[in-house]
Amino acid sequence: MGVEGTMEYISDFLKKRKRKKKKQMQTVALRVARIDCEGCERKIKHILSGVKGVKSVDVDVKLQKVTVTGYIEPKKVLEAAKSTKKKVELWPYVPYTMVANPYISQAYDKKAPPNMVRKVPDTASVNETTVDDSYTIMFSDENPNSCAIM
């Protein structure tokens, strides 16, 4: 077998050996409903800081937003947050400049923080709004009967 066989054996051995991929540092933002007091805040911080890989947990009571940073998986953080028996979802808001049509019915939310709208897919269009086309045509300048309506 000689040197060539030994080198082949070693190279095959190293290829078969699985290496663990190191998780990347991630930030997960959650919207947690009903964070009313310091006790709720402590409870959420305690539970989420217990998740493996979490480096920091920030709770914003006013926005009801929890930001978790670390070598984590968003799915596991979401499951841990749901164990607090509160309504939890991934942070649904983005700056309104990031959305193509921020004024469509799916994006607009009264509960959203200032300058933020709900994240909607780009496939949502203005046609999917609640405004009926007949009303826009009724008051159009091209409509000869619009003066009678006004």
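First, a word on scope: everything that follows refers to the structure included in this document. Because the structure is a prediction, the values reported are computed rather than measured. (Residues numbered from 1 in each chain as written. Predicted model: local features only at pLDDT ≥ 70, side-chain atom pairs only at ≥ 80, totals over all residues. Heavy atoms only, no water.)

## Some remarks on a nonpolar patch on the surface
Selection criterion: A patch consists of residues exposed above 30% relative accessible area that lack any salt bridge, with like charges linked at up to 9 Å and nonpolar side chains (Val, Leu, Ile, Met, Phe, Trp, Tyr) linked at up to 5 Å. Here the accessible surface of atoms and residues is derived via Shrake-Rupley with a 1.4 Å probe, and residues count as covered only by protein chains that are part of the display. Definition used for salt bridges: Asp or Glu carboxyl oxygen within 4 Å of a side-chain nitrogen of Lys or Arg. Starting at the N terminus, helices and strands are each numbered in turn, a helix being any DSSP run of H or I of at least four residues and a strand any DSSP run of E of at least two. Remark: exposure states derive from per-residue accessible area (1.4 Å probe, protein chains only) relative to the maximum for the residue type, with buried under 20%, exposed over 50%, and partly exposed in between.
Side chains of Tyr9, Ile10, Phe13 and Leu14 sit close together on the surface and give an oily, nonpolar patch of about 440 Å² of accessible area. Mapped onto the secondary structure, Tyr9 falls in helix 1 (residues 2-16). Accessibility expressed as a relative area gives 59% for Tyr9, which makes it exposed.

## Quick look at the side chain of Thr84
Going by this rule: Note on contacts: a residue pair is in contact if any heavy atoms of the two residues lie within 4.5 Å.
Checked against the element boundaries, Thr84 lands in the loop between helix 3 (74-82) and strand 4 (88-90). Here Thr84 is in contact with Lys43, Ile44 and Ile47, once residues within four sequence places are set aside.

## Some points on the environment of Ile72
Looking at the secondary structure, you find Ile72 in the loop between strand 3 (65-70) and helix 3. Counting along the chain gives 47 residues from Ile72 to Met25, while the straight-line C-alpha distance between them is 7.2 Å. If near-sequence neighbours (up to four positions away) are discounted, Ile72 is found in contact with Gln24, Gln26, Val28, Lys52, Gly53, Val54 and Val77.

## Comments concerning the sheet that holds strand 1 (residues 26-32)
We count it as follows: Between any two strands, at least two bridges found by DSSP are needed for them to pair. Lines fitted to C-alpha atoms define the axes here, with helix axes fitted over just the stretch in contact, and angles between the N-to-C directions of these axes take values from 0 to 180 degrees.
If you walk across this open sheet you meet the four strands as 2-3-1-4, and the pairing is antiparallel. Unpaired on one side and paired on the other, strand 2 (54-60) and strand 4 mark the two borders of the sheet. Mean inter-strand twist for the sheet, computed between neighbouring axes without regard to direction, equals 25°. Pairing of strand 2 with strand 3 involves six bridges; the strand directions are antiparallel. When the bridges of strand 3 are listed, Asp58 appears paired with Thr67. Across the face of the sheet, helix 2 (residues 38-49) comes into contact with strand 1, strand 2 and strand 3 while running at roughly 160° to strand 2. Those strands touched by helix 3 are strand 1, strand 3 and strand 4, and its axis lies near 30° from that of strand 1.

## Description of the side chain of Arg31
Looking at where Arg31 falls in the secondary structure, it is placed in strand 1. Overall, the relative accessible area of 14% leaves Arg31 in the buried class. Sequence-distant contacts of Arg31, defined by excluding residues within four places in its chain, comprise Gln64, Lys87, Val88, Glu89, Leu90, Trp91, Pro92, Tyr93 and Lys111.

## Considering the packing of aromatic side chains
What counts here: The rule is short: rings of Phe, Tyr and Trp, with Trp giving its six-membered ring, pair when the centres are within 6.5 Å, and they are stacked under 30 degrees, edge-to-face over 60, tilted in between. Cation placement over rings: the criterion is NZ of Lys or CZ of Arg within 6 Å of the ring centroid and within 35° of the ring normal.
Under the criterion given, the structure shown has one aromatic pair. On the numbers, 5.2 Å between centres and 80° between planes, the contact of Trp91 with Tyr93 is edge-to-face. A cation over an aromatic ring shows up here: Lys65 above the ring of Trp91, its NZ or CZ 4.8 Å from the ring centre.

## Considerations on the nonpolar core
This is how it is decided: For our purposes a nonpolar core is just a set of buried Ala, Val, Leu, Ile, Met, Phe, Trp, Tyr and Cys residues, chained together by side-chain atoms within 4.5 Å.
Counting 19 residues, the largest nonpolar core has Leu30, Leu48, Val66 and Val68 as its most contacted members. Elements with a minimum of two residues in this core: strand 1, helix 2, strand 2, strand 3 and helix 3. Take this core: its biggest share by element is four residues, from helix 3. With sequence-adjacent residues up to four places away left out, Val66 is seen in contact with Val28, Ala29, Leu30, Val32, Ile35, Ile44, Leu48, Val57, Asp58 and Val59. Counting residues in each nonpolar core, the second largest holds six residues, with Val94, Ala107, Val117 and Val120 among its members.

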